[in-house]
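This is what each chain is made of:
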Amino acid sequence: MQVLEVDGLVAWCEGRGRRERLNIILLEDVALGDWVYAVLGQAREKLTLERVTEINLALDGLTAALNGETNLDAYFPNLKTY
Amino acid sequence: MTPPFDTGRVRLRLTCVDGKVSEVHLVSDRPEVVKILKGRSAAQALKMLPLLFALCGKAQTRVAELAIAAARGKQLTPEIDHSAQKEALREHLWRSLLDLPPLLGATPLHQEFVTASKLVTDENRGQLYALLASPAIESLRFALQQQKNVSPNSPHLLPLLDAQASLNEWSRLDAAFCRQPEWRGAAAETGAIARKQVTHAELSFFAIHWLARFDELIEWAKGENIIGGIGTVSAVTVAPNIGRSLVETARGLLMHEVVLDGEQIIDYLIVAPTEWNFNPQGALVDQLIGHDAQDRDALQQHIAQLVATLDPCVPWELEWA
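> Describe in detail the overall build of chain A, supporting the description with residues and values.
When helices and strands are tallied, chain A shows one helix and five strands. Listed by position from the N terminus, the elements making up chain A come as β-β-β-β-β-α. In terms of overall dimensions, chain A has a C-alpha envelope of 45 × 25 × 15 Å along the principal axes. In chain A, buried positions account for 44% of the 82 residues. The contacts in chain A between residues at least 6 apart in sequence include a share of 19% that link residues at least 24 apart. About 4,500 Å² of surface is accessible on chain A, with carbon and sulfur atoms providing 48% of the total. On chain A, the mean spot of the 8 positive side-chain charges and the mean spot of the 13 negative ones are 3 Å from each other.

Set out below in structure tokens:
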């Protein structure tokens, strides 16, 4: 999720279709526009934009797999060489 | 904007008759992450898992590596994985210093949490030990020790198991077991309380769970590394090309089992602690059946306490039937 507003130990963040107030106590120097991995109301780690893209694609890939899609290569472009 | 992703949730539906809880329908409803792993190469799976698990990510990745290695014949006798152990200890700190105080009518210990987390990361055990003995934290433990047991039910705990010993209990895992795991035909709890095998009859269900977490933090701070304790990993070759691995996370036992055909994953199974601790016949239901339901707000608050005590790795919701 992307940080929209920081207020002390919490931040309003938005991503994957939802807006949420996250506890940011685990992270240092959170700024507007930063990307964070959100779990159970907590911002767990700061993410680079590249990592955000990878995670979003992976979650899209998981959703596709759960919907019965079998060709998932497009969701994991960096894994083709493995 | 990317579409919403449903992490799943623990759902409770309560039926109340004559002012008491008469029925609890409990479902742990989470996406089957393993579906994305089938058909991939082992190397791809190891790259995918950290993208999909933010919670216990180190433990999930480590047991995946170990299960794949075991499928290739490389077993591991129980040992501490320090990375998974620190990850689990930080989870304990979050629960114990931020989530627990409001449940006891106190304010979250933000500064203590930040300091303690850093001490775990830096492996500064001595200073953590001193911090855990500070008045603010000691008062939490004291408050827990005053909570006497009023329930006739004692916890049914999963025993300590390593990967080899797990074969005696479950020769193979399957999807039904992953959704609703049982030990010897019954629900069993995993987590700090099971690792400590705590069955104090004199303290409340709530207290013994939270004290067990503190005990694990204090033990680590004292310099102990208990094989079988938090952060323990092990792996076993179940059969040629089939590997199983176990890790003791903050929430409890996490098991992976993989079936390989050469480099390709044919099947992958994960049994997570939330499925043990939120079993439809498990501790939460035991604690709620027969509970006074005349004051719904009070009951809802009690349920929130119980759920926080058992600590699911996904959100939860309550519905009144």
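> Describe the interface of chain A and chain B, naming the residues involved and giving the relevant values.
The parts lose accessible area when they come together, and the size of an interface is often stated as this lost area. On the chain B side, the residues contacting the 29 residues of chain A number 34 residues. Across the chain A/chain B interface, buried area totals approximately 2,900 Å², and carbon plus sulfur atoms make up 70% of it. Counting across the interface, chain A meets chain B through two salt bridges. Where Glu91(B) meets Arg44(A), a salt bridge forms, and the shortest distance between an N and an O atom there is 2.3 Å. Linking chain A with chain B are two residue pairs in polar contact (both at pLDDT 80 or more). Mapped by element, the contributors of at least two residues to the side of chain A that touches chain B are strand S4 (35–39), strand S5 (42–47) and helix H1 (49–66) of chain A. In terms of residues, the side of chain A that touches chain B owes the most to one element, H1(A), which gives 12 residues. Looking at side-chain class alone, the side of chain A that touches chain B contains 16 nonpolar, six polar and seven charged residues.

> A description of the confidence of the model for chain A should follow, citing residues and the corresponding values.
For chain A, per-residue confidence averages 89 on the pLDDT scale, and 96% of positions sit at 70 or higher. No element of chain A has a lower mean pLDDT than H1(A), at 89, and none a higher one than strand S1 (residues 2–7) of chain A, at 96.

> Give a description of the sheet that holds strand S2 (residues 20–29) of chain B that names residues and reports values.
Residues and elements named next belong to chain B. As summarised here, the arrangement of the three strands in space is S2-S1-S8, forming an open sheet in which the pairing is mixed. Sheet topology places S2 and strand S8 (316–320) at the edges, where each strand pairs with a single neighbour. The average undirected angle you get between the axes of adjacent strands in this sheet is 20°. By the bridge criterion, nine bridges tie strand S1 (residues 9–17) to S2 in an arrangement that is antiparallel. Within the sheet, the bridge partner assigned to arginine 11 lies in S2 and is valine 27.

> Could you give an account of helix H13 (residues 296–310) of chain B, with specific residues and numbers?
Residues and elements named next belong to chain B. Over its 15 residues, H13 runs 21 Å from end to end, which matches the ideal 21 Å to within 8%, given 1.5 Å per residue. For H13, the full list of buried residues reads Leu299, Ile303, Leu306, Val307, Thr309 and Leu310. Around the axis of H13, the buried residues are gathered within 155° of arc, so they sit on the same side. Seen from the buried face of H13, the exposed residues on the opposite side, beyond 90 degrees, are Asp297 and Gln301. Directly after H13, the chain includes aspartate 311, whose backbone phi takes a positive value near 60°.

Thresholds applied
- Along each chain, numbering runs from 1 in the same order as the chain's sequence is written.
- Chain letters start at A and ligand numbers start at 1, both assigned in the order the entries are written.
- Totals for whole chains, interfaces and linings use all residues, but because this is a predicted model, local features are given only for residues with pLDDT of at least 70 and pairs of side-chain atoms are given and counted only at 80 or more.
- Excluded from the side-chain calculations are hydrogens and water; all other atoms, namely the structure's heavy atoms, are used.
- Only DSSP runs of H or I reaching four residues or more are called helices, and only runs of E reaching two or more are called strands; each is numbered from the N terminus.
- Note on classification: 1.4 Å probe, protein chains only; a residue is buried when its accessible area is under 20% of the maximum for its type, exposed when over 50%, partly exposed between these limits.
- By definition in these notes, contact holds between two residues if any of their heavy atoms fall within 4.5 Å.
- The method behind every accessible area is Shrake-Rupley, applied with a 1.4 Å probe, and residues are considered shielded solely by the protein chains displayed.
- In this tally Asp and Glu are treated as negative and Lys and Arg as positive; neither His nor the chain ends contributes.
- The atom standing in for a charge is NZ when the residue is Lys, CZ when it is Arg, CG when it is Asp and CD when it is Glu.
- When two components associate, each loses some accessible surface as probed by a 1.4 Å sphere; the sum of these losses over both components is called the buried area.
- Salt bridges are defined as contacts in which a side-chain nitrogen from Lys or Arg sits within 4 Å of a carboxyl oxygen from Asp or Glu.
- Any pair of N or O atoms that falls within 3.5 Å is considered a polar contact. Within protein, one atom must be able to donate a hydrogen and the other to accept it, and sequence-neighbouring residues count only if both atoms are side-chain atoms.
- The residue classification treats Ala, Val, Leu, Ile, Met, Phe, Trp, Tyr, Cys and Pro as nonpolar and Asp, Glu, Lys and Arg as charged. All others, Gly included, are polar.
- Residue-level confidence of the predictor is what pLDDT reports, using numbers from 0 through 100.
- DSSP calls a pair of strands paired once it identifies at least 2 bridges connecting them.
- Orientation is described by axes fitted as lines to C-alpha atoms, over the contacting stretch for helices, and by angles from 0 to 180 degrees between their N-to-C directions.
- Residue count minus one, scaled by 1.5 Å, sets the expected span of a helix.
- Our arc is simply the arc of the directions from the helix axis toward the C-beta atoms.

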